[in-house]
Amino acid sequence: MTQEKKNIAIIGSGLVGSLLAIYLKKYGHQITVFDRRPDIRNIEFSGRSINLAMSNRGWNALREVGIEEEIKKIAIPLDKRAMHVIGKPEYHQKYGKDGEAIWSISRGVLNKLMIDLAEKNGVEFRFEEKVWDIDLPGAKVFTGDSERGEWTEYPFDLVFGCDGAFSRVRHKMQRRSRFDYSQDFIDVGYKELTIPANEDGSHKLDKHSFHIWPRGKFMFIAMPNLDGSFTCTLFMPFEGDISFESIDTKKDAVHFFNTYFPNVKDEIENLTEDFFKNPTSALVTMKCYPWTYWDKVALVGDSAHAVVPFYGQGMNAGFEDIFVLDEIIKKYGDDWGRIFSTYQEVRKPNADAIAELSYRNFIEMSSKTADANFLLQKKIEKHFSAKYPEKWVPAYSRVTFSNRPYAEALAEGDAQEEIMKEVMKIPNIAEKWDSEEVEKMMLKLIGN
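Residues numbered from 1 in each chain as written. Predicted model: local features only at pLDDT ≥ 70, side-chain atom pairs only at ≥ 80, totals over all residues. Heavy atoms only, no water.

Where an unreviewed UniProt entry is consulted, the protein chain appears under the name Kynurenine 3-monooxygenase, with the organism given as Maribacter stanieri. According to its UniProt record, the protein chain has this under Cofactor (unreviewed entry): "FAD". UniProt annotates the protein chain under Sequence similarities (unreviewed entry) with the comment "Belongs to the aromatic-ring hydroxylase family. KMO subfamily." (UniProt positions renumbered as here; feature names shortened; annotations may be inferred.)

In structure tokens, the structure reads:
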């Protein structure tokens with residue numbers, strides 16, 4: 001497929017902006033990426049990261065432009081959850097079938113590599129150049145040192161907004177008539193913490209597990225890095241009895257970690273230091289529509305659909321946006337008006353679906369993973385799915401280990417939940433969970 005060569009601006013040099021630049025460059029377009037921040041390759045990462053969990057959708061998008069194997073060199077496969085529940089020994093929950101895994105990647109390391117790969121493909125990056133305004137009909141970008149200072153005007157044929165949940169490009173689109181927009185902050189924030197490597201560089205916890213300490217209204221997670229360390233994230237309410245607000249002193253922090261995370265007590269000194277050094281960040285779901293303006297401007301990734309991180313799909317969804325956009329380009333060639341309208345019509349329902357799934361998974365990870373009934377339900381589902389794989393694909397597998405639409409995963413997951421509500425009402429279900437009675441009931445309910 002060849003296209004008429006275009007002069008294209010991408011606003012934002014993050015993961016989505018860098019990958020989109022690589023995709024568009026393969027068509028021979030001239031690509032300029034603007035970012036208000038310094039070049040991430042020259043700075044230490046900021047302490048606001050949640051390690052990424054690359055899954056099928058992300059790998060699919062990377063494979064299409066031939067960089068999957070390059071990225072796998074900086075990733076660690078995780079085939080299970082390691083659950084750390086107070087009063088119980090550590091236990092594991094397999095994610096999917098044998099060979100299925102999510103991959104832990106440091107956001108900073110991945111972003112640096114993606115920019116390197118884009119530059120090798122001929123993409124121009126303009127760092128520390130803030131975009132203040134967009135002329136939507138003219139696809140013009142205006143940059144400058146300050147909002148009230150002098151601006152430089154850049155004319156383009158197309159502009160893509162990949163500048164995150166608080167996108168400058170979307171902000172300009174919001175001023176147009178009939179533009180729908182909503183944002184919803186949850187009352188839980190997050191803070192990045194670190195468990196360093198052992199002296200010999202090995203990991204202190206199992207490096208092929210996604211470690212979770214579920215504690216009801218708050219939780220702690222840890223994901224491995226190649227250097228033997230773990231990037232950890234504490235999710236907790238901003239205010240309340242147990243909250244970020246309630247931990248004022250180092251003594252408070254030591255007491256908190258000793259009480260709720262006793263099996264990381266050897267790391268308390270390190271964790272409490274990070275606790276006061278690193279910022280507390282907010283989590284937002286953002287929805288909007290339309291995602292495009294004429295045949296000139298389009299939003300991709302978080303600028304179109306920011307989600308909370310509890311399904312590990314933020315990056316994967318953004319990468320899938322690019323993959324789908326590319327499939328549409330192959331179909332419609334130089335008809336950018338049709339490309340953009342098709343792109344937003346196809347992706348919007350799926351973006352809404354993963355937003356809902358991500359919020360639900362927060363409830364599951366923090367509260368339900370330590371609940372006996374929930375664990376029994378999941379055991380029944382797994383047993384039935386192993387026997388009838390064509391009849392029962394768990395929602396998590398549909399989202400994480402397939403490329404089927406998110407909207408389909410949400411609908412099928414809801415239907416399965418209704419079936420399981422009936423199954424869990426069976427008297428003495430804990431004793432007969434793997435019986436013929438349960439199996440027949442599930443087959444009948446699926447048939448209905």
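## Things to note about the overall build of the protein chain
Of the regular secondary structure elements, the protein chain holds 15 helices and 20 strands. In terms of overall size, the protein chain behaves like a compact globule, its C-alpha atoms giving a radius of gyration of 23 Å where 448 residues would be expected to give roughly 22 Å. Its C-alpha atoms put the protein chain at 70 × 60 × 40 Å along the principal axes. Counting over 448 residues, the protein chain shows a buried share of 54%. Once local pairs closer than 6 in sequence are excluded, the contacts in the protein chain between residues at least 24 apart make up 70%. Summed over all atoms, the accessible surface of the protein chain reaches about 20400 Å², with 48% contributed by carbon and sulfur. (Helix = DSSP H or I, 4+ residues; strand = E, 2+ residues; numbered from the N terminus. Rg over C-alpha atoms; globule rule 2.2 N^0.38 Å. Buried < 20%, exposed > 50% of the residue type's maximum accessible area, 1.4 Å probe, protein only. Contact = heavy atoms within 4.5 Å. Areas by Shrake-Rupley, 256 points an atom, 1.4 Å probe, with all protein chains shown as cover.)

## Some words on the environment of N270
Mapped onto the elements of the fold, N270 is located in helix α7 (residues 268-277). Using a relative accessible area of 23% as the deciding quantity, one classes N270 as partly exposed. Distance in space between the C-alpha atoms of N270 and R107 is 21 Å, their sequence separation being 163 residues. Among all residues touching N270, those that are not within four sequence positions of it are T194, I195 and P196.

## Some points on the pairing of strand β17 (residues 230-237)
The buried count for β17 comes to eight of eight residues, which makes it a mostly enclosed element. Taking every second residue as pointing to the same face, both faces of β17 are buried, with F230, C232, L234 and M236 on one and T231, T233, F235 and P237 on the other. Looking at chain direction, strand β14 (residues 188-195) and β17 are connected through eight bridges and run antiparallel. Paired with K191 across the two strands is L234, which belongs to β17. Pairing of strand β16 (residues 219-224) with β17 involves six bridges; the strand directions are antiparallel. From the neighbouring strand, F220 faces β17, where its bridge partner is L234. The hairpin turn running from β16 into β17, its antiparallel successor, is five residues long, and G228 in that turn takes a positive phi close to 95°. (Pairing = 2+ DSSP bridges.)

## A word on the pattern of salt bridges
One pass over the structure, following the stated rule, counts 37 salt bridges. Across the salt bridge formed by R126 and E124, the nearest N and O atoms sit 3.2 Å from each other. Given the relative accessible area of 27%, R126 is considered partly exposed. Take E124: its relative accessible area is 37%, and that puts it in the partly exposed class. (Salt bridge = Lys/Arg side-chain N within 4 Å of Asp/Glu carboxyl O.)

## Quick look at the UniProt feature "transmembrane region" (unreviewed entry) in the protein chain
Using the residue numbers shown here, the UniProt feature "transmembrane region" (unreviewed entry) corresponds to residues 7-24. Between the C-alpha atoms that bound residues 7-24 the distance is 10 Å, and the span itself is 56% helix and 28% strand.

## Focus on the packing of helix α6 (residues 250-260) against α7
Interhelical geometry of α6 versus α7 gives an angle of 125° and a closest axis separation of 10 Å. The orientation of α6 with respect to α7, classified from their angle, is oblique. Considering how the two elements wind past one another, α6 and α7 form a crossing that is right-handed. Each of K250, A253, V254, F257 and N258 in α6 lies in contact with α7, whose residues at this interface are I268, E269, L271, T272, F275 and F276. Looking at the contact of α6 with α7, its residues break down into seven nonpolar, two polar and two charged. (Axes fitted to C-alpha atoms, helices over the stretch in contact; angles between N-to-C directions. Parallel < 35°, antiparallel > 145°, perpendicular 65-115°, else oblique. Left-handed = near helix turned anticlockwise from the far one by under 90°. Nonpolar A, V, L, I, M, F, W, Y, C, P; charged D, E, K, R; others polar.)

## Here's the deal with α7
Where α7 is concerned, the buried positions are I268, L271, T272, D274 and F275. One side of α7 holds all its buried residues, which, seen down the axis, span an arc of 160°. If you follow the buried residues of α7, they end up packed against β14, β16, β17 and α6. (Arc of directions from axis to C-beta.)

## Examining unusual backbone geometry
For the bond running from Y289 to P290, omega is 5°, close enough to zero to count as cis. Locating P290 in the fold gives a position in the loop between β18 (284-289) and β19 (292-293). The residue R178 is not glycine, and still its phi comes out positive at about 65°. As for its position among the elements, R178 is in the loop between α5 (168-173) and β13 (180-185). Residue R178 is classed as exposed on the basis of its relative accessible area, which comes to 78%. One non-glycine residue, W294, adopts positive backbone phi at about 50°. Among the secondary structure elements, W294 is positioned in the loop between β19 and β20 (297-299).

## Concerning a negative patch on the surface
A cluster of like negative charges, contributed by E4, D157, D295, D334 and D335, occupies part of the molecular surface. Mapped onto the elements of the fold, D157 is located in the loop between β11 (151-155) and β12 (158-161). Note on D157: relative accessible area 32%, which makes it partly exposed. (Patch = residues over 30% accessible without salt bridge, like charges linked within 9 Å, V, L, I, M, F, W, Y side chains within 5 Å. Lys, Arg positive; Asp, Glu negative; His and termini not counted. Charge placed at Lys NZ, Arg CZ, Asp CG, Glu CD.)

## Side note on the sheet that holds strand β15 (residues 209-214)
Pairing between the strands of a sheet is mediated by backbone hydrogen bonds and can be parallel or antiparallel. Taken in spatial order, the six strands make up an open sheet running β6-β5-β15-β16-β17-β14, and their pairing is mixed. Each edge of the open sheet is held by one strand with a lone partner, namely β6 (91-94) and β14. Within this sheet the neighbouring strands show an average axis-to-axis angle of 25°, counted without direction. With four bridges connecting them, strand β5 (residues 80-83) and β15 associate as parallel partners. Looking at the pairing, R81 lines up with F210 of β15.

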